[in-house]
Amino acid sequence: MEWLINTLRAYPEIAIFLSIGIGYWLGGKSFHGFSLGAVTSTLIAALIIGLVGVHISGTVKSTFFLMFLFAVGYGVGPQFVHGISKDGIPQAIFAVVVCILCLIFPVIGAKVAGYDLGSSTGLFAGSQTISAAMGLATDAIGRLHLAPDKTKAMEDAMPVAYAVTYIFGTVGSAIFLAIIGPRMLGINLEKSCKEYEATMSEGQETQEKGTAWHRYSIRAYQVDETSEIIGRSVATLELAQRENRLFISRIRRGKRIIDATPDEVIACGDIIAIEGSRAAILALIGQSQQEVEDPELIAVPVEGVDIFLTNKKWANVTLEQLAAEPFTHGVFLRGIKRGPLGVSIPVLPGTKLCRNDILTITGMTRDTKRFAGEVGKADRPGNAADVSFIGLAIFIGTMVGAVVINVAGIPLTLSTAGGSLIAGLVFGWWRSVRPTGGRIPEPTLWFMNSVGLNVFIAVVGLNAAHGFIEGLRTLGASLFLWGIFATLLPLVVSMYIGRYIFRFHPALLFGCIAGSRTTTAALGMICESAKSNVPALGYTVTYAVGNTLLTIWGMVIIMLLS
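Anyway, here's the lowdown on the structure attached to this text. It should be emphasised that the depicted structure is a prediction, and the values quoted were computed from it without experimental measurement.

**Some remarks on the overall build of the protein chain**
- For the protein chain, the helix and strand inventory stands at 20 helices and 12 strands.
- Put simply, the protein chain has 562 residues, and 51% of those count as buried.
- Taking as baseline every contact in the protein chain between residues at least 6 positions apart, the subset at least 24 positions apart corresponds to 81%.
- A total accessible area of about 25,200 Å² is found for the protein chain, and carbon and sulfur atoms account for 61% of it.

Below is the structure:
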């Protein structure tokens, strides 16, 4: 054990992997349906491991934090553009209300407990998990012109009180917003998120009239002596079902498999592989023809792919006109998305295409490649992430977030964290309307999201463990209890205000509260509980407001209590 402790102290990076290893393992366990989840479990593990005296550079924490926030923004960027037009202003007003509550309750607790200015500020900053507020509070204390020793005592008390209250401010708010709060309101987060996703897609489904354009299957049928298609060419048969877009791809004749060229004539006993809707296939070959199992015949490379329409030649052309072109042979259109909101356009014969439309097509790989080469650029799924895009996008976002604007002596800033989140939103939306670069595969996005957050949480726990114990020893358990009071009361009141006054959708409500409180750990646990990133749609606007106001409150609390 002594060797292990000395090794962790000498190589503190090992403690991070131990924390997340235990955290993910423990978070995957459940007891009567209750599970702590990876986030909370990682924090608890890190707090225990950190007691041996491990210290991790803050740069590590910040790096993974920025990666996590970018991934969150990237994942919900397209939906955010939809949601902001509907809920943006109410969310901003709600964030102001929450921030006021987050100031009132810590002030009440500090007054009742009789804490000095330093401990009071630490109580506020820790319970609301806003360390930046201590910077403004320190400046405000310095302007009170107190005796140097008294000023120093207050400044020293601030981080200790922060360490004691921060633990519950992080863990407590996460557990409340992800588990307890929804149960108090009778909300099933997972179900609510699914309902919200359905609402956002309402009215955008392809119309029934256009179903023949995008239903796709490939089947094998044997041609017997009673079939009316014997002696007819492939081109003639396809032309007969031109409106339904039916194609004969391959033919088994005896033991040979041949490609179905336009001039090929169907013979009795042939087994033909036909692409198209089932109704169109039966209309062509008749109900009496026998469908056969021929895996080799129908084992052709088939793919679904998004095509970004860049060739202006095909702008303002109807789908019916486009279907007459030879390069559309074997291609089935499943959907069209248009504009910055990615609105789904009905797939109908008379639908006109516009430049920059995104066409989702299905067909044999050879056909989709031919179509993409003529129409625009294909966005094919792959395992490789565009790392250059990720790095530059986070760089741009954090540079914008680092800008500080002083208004009447008050520094206003998005912070690098807010900048990274907004960069994720912007570039995630951009990717959805310009799918020619910036690909981040789902596994990579999961890694950035889940592991990024949990490494951040592990570093927080490892570094805060010693200060937490020391704070309890010097200031007593009462400060920890006041921290619980200052953390939970604003959340409880905010929850009911958001639900019954602002009437936020349950899928967004807890994300709005987490954003107003700028508690990222809570957002991670909410999304984990909801099994969806939809709650993050409520986090973005409120985070921008909350990050600014809660930081300013560091100065305001000194003004109120002095």
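**Details of the nonpolar core**
- Counting 80 residues, the largest nonpolar core has L177, F510, I513 and W553 as the members making the most contacts within it.
- Take this core: its biggest share by element is 12 residues, from helix α4 (residues 58–113).
- When sequence neighbours within four positions are dropped, the list of residues in contact with F510 reads L177, G181, P182, L185, I187, L189, M495 and I526.
- Core analysis: the second largest hydrophobic core is formed by 19 residues, V317, V331, L333 and V375 among them.

**Considering the side chain of D294**
- By the secondary structure assignment, D294 is in the loop between β5 (290–291) and α11 (295–298).
- Here the side chain of D294 touches R252 through a polar contact of 2.6 Å, side chain to side chain.
- Excluding its chain neighbours within four sequence positions, the residues that come into contact with D294 are A220, R252 and I271.

**Description of the packing of aromatic side chains**
- Within this structure, the stated rule accounts for 14 aromatic pairs.
- On the basis of an interplanar angle of 75 degrees and a centroid distance of 5.3 Å, the ring pair of F94 and F502 is categorised as edge-to-face. Taken together, the positions of F94 in helix α4 and F502 in the loop between α17 (477–500) and α18 (506–516) put the pair 408 residues apart, joining distant regions of the chain.
- Of the residues examined, F502 reaches a relative accessible area of 23% and is grouped as partly exposed.
- An angle of 20 degrees between the planes, with centres 6.2 Å apart, marks the rings of F389 and W430 as stacked. Highlighted residues: F389 in helix α14 (residues 387–401) and W430 in helix α15 (residues 415–433), separated in sequence by 41 residues.
- Grouping aromatic residues by their ring pairs yields a cluster made of F70, Y74, F389, F427 and W430.

**Description of unusual backbone geometry**
- The backbone of N316 sits at a positive phi, close to 65 degrees, despite the residue not being glycine.
- You can see N316 is positioned in the loop between β6 (302–309) and α12 (319–323).
- Unlike most non-glycine residues, R503 shows phi in positive territory, near 55 degrees.
- Here R503 is to be found in the loop between α17 and α18.
- We classify R503 as exposed; its relative accessible area is 65%.

**Quick word on the packing of α15 against helix α20 (residues 540–561)**
- Across the interface, α15 lies against α20 with an axial gap of 11 Å and an inter-helix angle of 160 degrees. As judged from the angle between their axes, α15 and α20 are roughly antiparallel. The way α15 lies across α20 gives a crossing that is left-handed. Residue-level contacts link S415, A417, G418, L421 and L425 of α15 to T540, Y543 and N547 of α20.
- Here the contact of α15 with α20 is composed, by residue class, of four nonpolar, four polar and no charged.

**Here we look at the packing of α18 against α20**
- Here α18 crosses α20 at 30 degrees, and the two axes come no closer than 7 Å. Between α18 and α20, the angle falls in the class roughly parallel. In this structure, α18 meets α20 at a crossing whose hand is right-handed. Across the interface between the two elements, G511, C512, G515 and S516 from α18 touch T542, Y543, G546 and L550 from α20.
- Of the residues in the contact of α18 with α20, the class split is three nonpolar, five polar and no charged.

**Observations concerning the pattern of salt bridges**
- Per the counting criterion, the structure on display carries 12 salt bridges.
- With its nearest N and O atoms 3.8 Å apart, the salt bridge here joins E190 to K531. With E190 in helix α8 (residues 189–200) and K531 in the loop between α19 (520–530) and α20, the pair connects residues that are 341 residues apart, well separated along the chain.
- Here E190 falls in the partly exposed class, since its relative accessible area comes to 27%.
- The network of salt bridges with common partners includes D259, R366, D367 and R370.

**Observations concerning the side chain of R517**
- Within the secondary structure layout, R517 lies in the loop between α18 and α19.
- The charged side chain of R517 is buried without a salt bridge, its nearest counter-charge being E528 at 17 Å.
- In this structure the side chain of R517 is engaged in a polar contact, spanning 3.2 Å, whose partner is the backbone oxygen of S127.
- Within the structure, the side chain of R517 is placed 3.3 Å from the backbone oxygen of G169, a separation counted as a polar contact.
- Once residues within four sequence positions are removed from consideration, R517 is found in contact with C102, S127, Q128, T129, G169, S173, T487, L491 and L550.

**Quick word on the environment of F395**
- Within the secondary structure, F395 is located in helix α14.
- Since its relative accessible area comes to 48%, F395 is described here as partly exposed.
- Along the backbone, F395 and G419 are 24 residues apart, and their C-alpha atoms lie at a distance of 9.1 Å.

About the criteria used
- Residues numbered from 1 in each chain as written.
- Predicted model: local features only at pLDDT ≥ 70, side-chain atom pairs only at ≥ 80, totals over all residues.
- Heavy atoms only, no water.
- Helix = DSSP H or I, 4+ residues; strand = E, 2+ residues; numbered from the N terminus.
- Buried < 20%, exposed > 50% of the residue type's maximum accessible area, 1.4 Å probe, protein only.
- Contact = heavy atoms within 4.5 Å.
- Areas by Shrake-Rupley, 256 points an atom, 1.4 Å probe, with all protein chains shown as cover.
- Core = buried A, V, L, I, M, F, W, Y, C linked by side-chain atoms within 4.5 Å.
- Polar contact = N/O pair within 3.5 Å; in protein donor to acceptor, adjacent residues only side chain to side chain.
- Phe/Tyr/Trp six-rings, centres within 6.5 Å; stacked < 30°, edge-to-face > 60°.
- Axes fitted to C-alpha atoms, helices over the stretch in contact; angles between N-to-C directions.
- Parallel < 35°, antiparallel > 145°, perpendicular 65-115°, else oblique.
- Left-handed = near helix turned anticlockwise from the far one by under 90°.
- Nonpolar A, V, L, I, M, F, W, Y, C, P; charged D, E, K, R; others polar.
- Salt bridge = Lys/Arg side-chain N within 4 Å of Asp/Glu carboxyl O.
- Lys, Arg positive; Asp, Glu negative; His and termini not counted.

So far we have only geometry, and geometry alone does not tell us how the molecule works.
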